[in-house]
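The chain contents come next:
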Amino acid sequence: MTYLIGAGTAPPLGDLRAAGPGDLVLFLHDARKHPDFARCWEAAGVAVFRGAALTVVMA
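The following paragraphs examine the structure supplied in this document.

What counts as what
Residues numbered from 1 in each chain as written. Predicted model: local features only at pLDDT ≥ 70, side-chain atom pairs only at ≥ 80, totals over all residues. Heavy atoms only, no water. Salt bridge = Lys/Arg side-chain N within 4 Å of Asp/Glu carboxyl O. Helix = DSSP H or I, 4+ residues; strand = E, 2+ residues; numbered from the N terminus. Buried < 20%, exposed > 50% of the residue type's maximum accessible area, 1.4 Å probe, protein only.

### Looking at the pattern of salt bridges
Consideration 1: The full count for this structure, using the stated rule, is two salt bridges.
Consideration 2: A salt bridge links Glu-42 to Arg-17; the shortest N-O distance between them is 2.8 Å. Remark: Arg-17 occurs in helix α1 (residues 13-17) and Glu-42 occurs in helix α2 (residues 37-49); sequence separation between them is 25 residues.
Consideration 3: A residue is classified by how much of its surface remains accessible, and Glu-42, at 40% relative accessible area, is partly exposed.
Consideration 4: Classification of Arg-17 by relative accessible area gives partly exposed; the value is 30%.
Consideration 5: Taking the shortest distance from any N to any O, the salt bridge between Asp-36 and Arg-39 comes out at 3.9 Å.
Consideration 6: A residue is classified by how much of its surface remains accessible, and Asp-36, at 31% relative accessible area, is partly exposed.
Consideration 7: A residue is classified by how much of its surface remains accessible, and Arg-39, at 47% relative accessible area, is partly exposed.

Structure, rendered in structure tokens:
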């Protein structure tokens, strides 16, 4: 599954933390404008530790 995080969109944090092998966490270019960005970033770290892939789009 692909989890998109942007200024106006993010999955529930529990779903993000449960991501693992075969999943992709995708931070869009405007993700830092999301009100819960820090919590999303932390949850993405848990997902990566569990085996999910992480991509950050800069442009």
